[in-house]
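Commentary on secondary and tertiary structure
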Amino acid sequence: MSCCGTSRTEGNTKSAPIYGTLQPFPITQQPTGHPGINPFPETKQSVPPSTVSPPPPVHPYPYANGNQSPPPPSTVTHGSAPSPPPLTSQFGGYNRTSTVDVTGSLSPFRRPSPSYPAPGNPNLLTTYQPSMAMPITSPTTDEGKMSVSIDFGTTFSGVAYGSSRIAAGKVQQILHWPGSMETFRKVPTCLLYDDRGQVLAWGLEAKNANPTPGSIKCEWFKLFLEPHALRDQNTIDPRLPPLPPGKKPTHLIVDFLYCMWEYAKEQITREIGTVADLDSADVWLTVPAAWDARGCEIMREAAITAGLVRSASARDRDWRDRLHIITEPEAAAVHCAHLTDVHKLKPSQTFMICDAGGGTVDLAVYQILGQLANLEIAEMCARSGANCGSLFLDLRFRELVRTLLADHPAHLDAASLAYFMHSFSETEKLAYRGEADDANMFNFTCFNVEDPDDPQVGLFNGELSIPGNLLRREVFDPVVNQVLDLIEEQMKKVDQRIDALLLVGGFSGSGYLFKRVEEQFGGRVKVIARPSDADTATGRGAAQYGLARRPLVSSVVAPRSYMMKVKLPAEQEDFMKRPAYISQNNAGVSICENRLQYLVAKGAILRKGQKIKTKFCKYSQSQHDRVFVATMYTSDADKIMRYTDEGETVELCKWTVDIGSLPSFQENASMPTQNGFYTDFELGLELDSAEVRGILLYEGQEWGRVVFDLLS
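Every value quoted in this text rests on a predicted model; they were computed, and no experiment measured them. (Residues numbered from 1 in each chain as written. Predicted model: local features only at pLDDT ≥ 70, side-chain atom pairs only at ≥ 80, totals over all residues. Heavy atoms only, no water.)

**Re the overall build of the protein**
Selection criterion: Here a strand is any run of E in DSSP of at least two residues, a helix any run of H or I of at least four, and the numbering for each starts at the N terminus. Exposure categories follow from relative accessible area, calculated using a 1.4 Å probe and restricted to protein chains: below 20% of the type maximum is buried, above 50% is exposed, and the middle band is partly exposed.
The secondary structure content of the protein amounts to 13 helices and 31 strands. Taking all 712 residues of the protein together, 60% fall into the buried category.

**Notes on the nonpolar core**
Which entries qualify depends on this criterion: Take the buried Ala, Val, Leu, Ile, Met, Phe, Trp, Tyr and Cys residues and link them wherever side-chain atoms come within 4.5 Å; each set so joined is a nonpolar core. Pairs of residues are marked as contacts when any of their non-hydrogen atoms sit within 4.5 Å.
Of all hydrophobic cores here, the largest spans 107 residues; its most connected members are W177, L257, I487 and L501. It is helix 3 (residues 249-272) that provides the largest number of residues to this core, a total of 12 residues. Those residues in contact with L257 that sit more than four places away from it in its chain are I150, F152, L285, M299, A302, A303, A306 and L308. Ranked by size, the runner-up nonpolar core spans 58 residues in total, among them L375, V504, Y562 and L599.

**Focus: the pairing of strand 22 (residues 561-569)**
Operational definition: Two strands pair under a simple rule: DSSP has to find at least two bridges between them.
In terms of burial, strand 22 is a largely internal element, 9 of the 9 residues being buried. The sheet contact formed by strand 22 and strand 27 (residues 627-635) spans 4 bridges and is antiparallel. In the sheet register, M563 faces strand 27, and the bridge partner there is Y633. Bridge count between strand 22 and strand 24 (residues 590-600): 7 bridges; the pairing is antiparallel. Among the inter-strand pairings, P569 is bridged to a residue of strand 24, identified as I591.

**Quick word on the packing of helix 9 (residues 468-492) against helix 10 (residues 511-521)**
For the record, the criterion: Think of each axis as a best-fit line through the C-alpha atoms, taken over the contacting stretch in the case of a helix, with angles from 0 to 180 degrees between the N-to-C directions. Our angle categories are set so that under 35 degrees counts as roughly parallel, over 145 as roughly antiparallel, 65 to 115 as roughly perpendicular, and the remainder as oblique. Helix crossings fall into two classes, left-handed where the near helix is turned counterclockwise from the far one by less than a right angle and right-handed where it is turned clockwise. When residues are sorted by character, Ala, Val, Leu, Ile, Met, Phe, Trp, Tyr, Cys and Pro go into the nonpolar class, Asp, Glu, Lys and Arg into the charged class, and all the rest, Gly among them, into the polar class.
Look at helix 9 against helix 10: their axes get within 10 Å of each other, and the N-to-C directions meet at 45°. On the basis of their axis angle, the class for helix 9 and helix 10 is oblique. The two elements helix 9 and helix 10 cross, and the hand of that crossing is right-handed. Between helix 9 and helix 10, the contacting residues are R472, F476, D477, V480, N481, V483, L484, I487, E488 and M491 on the first element and Y512, L513, R516, V517, Q520 and F521 on the second. The class makeup of the residues in the contact of helix 9 with helix 10 is 10 nonpolar, 2 polar and 4 charged.

**Describing the sheet that holds strand 7 (residues 190-193)**
Strands sit in the order 8-7-9 across an open sheet of 3 strands; the sheet is antiparallel. This sheet does not close on itself; its edge strands, each paired only once, are strand 8 (199-202) and strand 9 (216-219). Pairs of neighbouring strands in the sheet enclose a mean axial angle of 25°, with direction left out of account. Both strand 7 and strand 9 contribute to a ladder of 4 bridges, which runs antiparallel. Residue pairing in the sheet places C190 in a bridge with E219 of strand 9. Helix 3 contacts strand 7, strand 8 and strand 9 of the sheet and is inclined by roughly 105° relative to strand 7.

**So, the packing of aromatic side chains**
Keep this limit in mind: Working definition: rings of Phe, Tyr and Trp (its six-membered ring) pair if their centres are within 6.5 Å, and the pair is stacked with planes under 30 degrees apart, edge-to-face with planes over 60 apart, and tilted otherwise. The criterion is that NZ of a Lys, or CZ of an Arg, lies within 6 Å of the ring centre and within 35 degrees of the ring normal, and then a charge sits over that ring.
Evaluated as defined, the whole model comprises 22 aromatic pairs. Summarising the aromatic geometry, the rings of F616 and F681 are spaced 6.4 Å apart at their centres and angled 20° between planes, so their arrangement reads as stacked. Of this pair, F616 sits in strand 26 (residues 611-620) while F681 sits in strand 29 (residues 677-687), placing them 65 residues apart in sequence. Neither residue differs from the other here; F616 and F681 are each classed as buried. Members of the aromatic cluster, connected to one another through ring pairs, are F397, F424, Y432, F442, F444, F476 and Y512. A cation sits over an aromatic face here: K222 above W291, 5.8 Å from the ring centre. The ring of F514 has R530 sitting right over it, with the charged end atom 4.4 Å from the ring centre.

**A short note on the side chain of S215**
For clarity, the threshold we go by: Any N or O atom pair separated by 3.5 Å or less is treated as a polar contact, with the protein-specific requirement of one donor-capable and one acceptor-capable atom, and with residues adjacent in sequence counted only for side-chain atom pairs.
Secondary-structure assignment places S215 in the loop between helix 1 (203-207) and strand 9. A polar contact is formed between the side chain of S215 and the backbone oxygen of T212, at a distance of 2.8 Å.

**Re the environment of D535**
The topology assignment puts D535 in the loop between strand 20 (527-529) and helix 11 (537-548). A relative accessible area of 5% places D535 in the buried class. As for D535 and A332, which are separated by 203 residues in sequence, their C-alpha atoms are 9.8 Å apart. Within the local environment of D535, its side chain forms a polar contact with the side chain of R185, the two groups lying 2.9 Å apart.

**What about the pattern of salt bridges?**
The condition that has to hold: Each reported salt bridge corresponds to a side-chain nitrogen of Lys or Arg within 4 Å of a carboxyl oxygen of Asp or Glu.
Enumeration over the complete set of coordinates arrives at 37 salt bridges. Put simply, K265 and E262 hold a salt bridge, and the shortest N to O gap is 3.3 Å. Here the residue K265 and the residue E262 both occupy positions in helix 3, the gap between them amounting to 3 residues, near one helical turn. On the basis of relative accessibility, which here comes to 15%, the residue K265 falls in the buried class. Of the residues examined, E262 reaches a relative accessible area of 19% and is grouped as buried. Here the salt bridges do not stand alone but share partners, grouping E571, E573, D574, K577, R595 and R642 into one network.

**Regarding the confidence of the model for the protein**
Definition in use: A residue's pLDDT is the predictor's confidence in that residue, given on a scale from 0 to 100.
Taken residue by residue, the protein gives an average pLDDT of 77. The fraction at 70 or more is 77%. Segment residues 1-60 is flagged for pLDDT under 50; beyond a separation of four residues in sequence, or across chains, it makes 202 contacts in the model. This stretch, residues 87-140, has a pLDDT under 50; its non-local contacts, to residues over four places away or in other chains, come to 131 contacts.

**Thoughts on unusual backbone geometry**
Its identity as a non-glycine residue notwithstanding, A168 has a phi of 55°, on the positive side. Tracing the backbone through its elements, the reader meets A168 in the loop between strand 4 (156-162) and strand 5 (172-173). Since its relative accessible area comes to 74%, A168 is described here as exposed. With phi around 50°, D451 is a residue other than glycine that occupies positive phi space. Tracing the backbone shows D451 in the loop between strand 16 (441-445) and strand 17 (459-460).

**Looking at the sheet that holds strand 17**
Overall, antiparallel pairing links the 3 strands, which are arranged 16-18-17 in an open sheet. A single partner strand is all that each edge strand has here, and the edge strands are strand 16 and strand 17. Note that strand 17 and strand 18 (residues 463-467) share 2 bridges and pair antiparallel. What sits directly across from L459, in strand 18, is L464. Packing of helix 8 (residues 414-431) onto the sheet brings it into contact with strand 16 and strand 18, and relative to strand 16 it is tilted by some 130°.

Shown next, in the form of structure tokens:
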């Protein structure tokens, strides 16, 4: 600890080695089941004496207001279909234009409310300040409490549930859905709107709806929450269907979750034969591994707005905490870990999850630490993922059809393209075998009867014939190769042998994908398999996690770094690299602005619930000077950066912190002095599966927390 403000990070961490068209045909099948790191060294630097009115002694921690002497007056400085719910305003990072309240006024901390946030500044997060330290309570057993999981997918979604009092604690799935007498493990993530923006149908009924004037079919809207799309709307895949007029992606997510949840509550009650207490159930919502905190927080807001959790009674103040966000590979890993006997996995062995879904492919590596009743697994390296799910086979197939039939517009209207895609998706996509099909012709019936023949492009008697080798080269290989590259990169992150590679998700049902994985990795991985219920592993695993009532995944690896902008005493390196950032404060000390203080470094291994703490101090002129705004940054880069302008950082949020209730602040404020006073405190981070929480601490006690939201 230096005399001029280098921070210390506490906590044991270590680096770990198309359109919206309407289809006049039904969905008849879907994929089936298969048998505080501190990078800055501590330095010491003395403070020159001052001749007039010196401020309080130089403080040993980074400055929350960035100065060792009083800041200028009046400044705030910082260191660093059922009817859907009403939509009262925009949220989730879209059209968020509001003024910033620089006065530092606070509202009590709460999770996002069930209605869209009222106008204000959505990027300033306030920390709840109780009158005394928040008590630490042990978790309750909640015997018999329901655990419900929603696997919200790009193309298909499902619901699983369980309770210790239902079916001997085994996870159940909803199989009966509106729009079909058959059973389906999942339903299409699809909505049908009228021209006024009202939901006409969802799921199977929306997917199978016949075209009607003014109706709009919406699919694949989950991909709008992909991190690059959230940061820059110009990066949104142009192949995604347009949204209905006046609708934002978050509105569609709220509408779909609302419809699915309302039906799920009724169906669960019918299936268990009693009135289920779903208002007090724990709800687990899965998200892709590649999503950052912004996408996760948007999903949390959408889920609460859709009513997935609600207050069960007047005393139920923590009802928002019953909503849990979990990454898809972590949920799938829990499901697979329960099948260790099937794959001959033992404690201390490692396995990789490849969750290949409709929109994304997610990868994570875990080590088994216990089995059965004492099951525990630990994440071994930072997870990864990309948009290369089976949907992108459909999109590439559509582009191939457009190219082949460029001179035949009768077969390129929206209904015709949708018909071709339906035929490909329902029949050939998962059955395709690769090189073994190179010499075969794949025939797709045209929707329109006009212009039935052109042998030069493969039109024969109203059918489009495509050679197997062309399908492999233009449709399958580009997507499958991307999946293989992801697996290869993930394996490089682990410095020990991987004992099993388990493929889950709907895309894992592709025989060609499985064959290519075996060919490339069979010599390095002893077991390559598709577990039972591979297509529903994510939903079932999330429900199993909830039933355990304890962290089954004991540790996680930080997938990115989290930093805070601070002001630190200038060092020689700062004079050489950023002289423009250096100025002298009233105590005569050279201070460098725009420095980055790492709270958690990428690759740090953190136990679930572990708080990574860093000490700070704030200078206050009076008892009213109690609030500061901390600017948080994140980075996916492996290197350690020193300044905020190094190009590989993204501003995460502004966290408004009120230290007014801390005992040391109140004590100093009760004895006003001409030169002001300093208040010591700690800021910490707590990383869960998908969310990041900021915590205010004082002498080891928690005094407030907030789930980070992201800047637009």
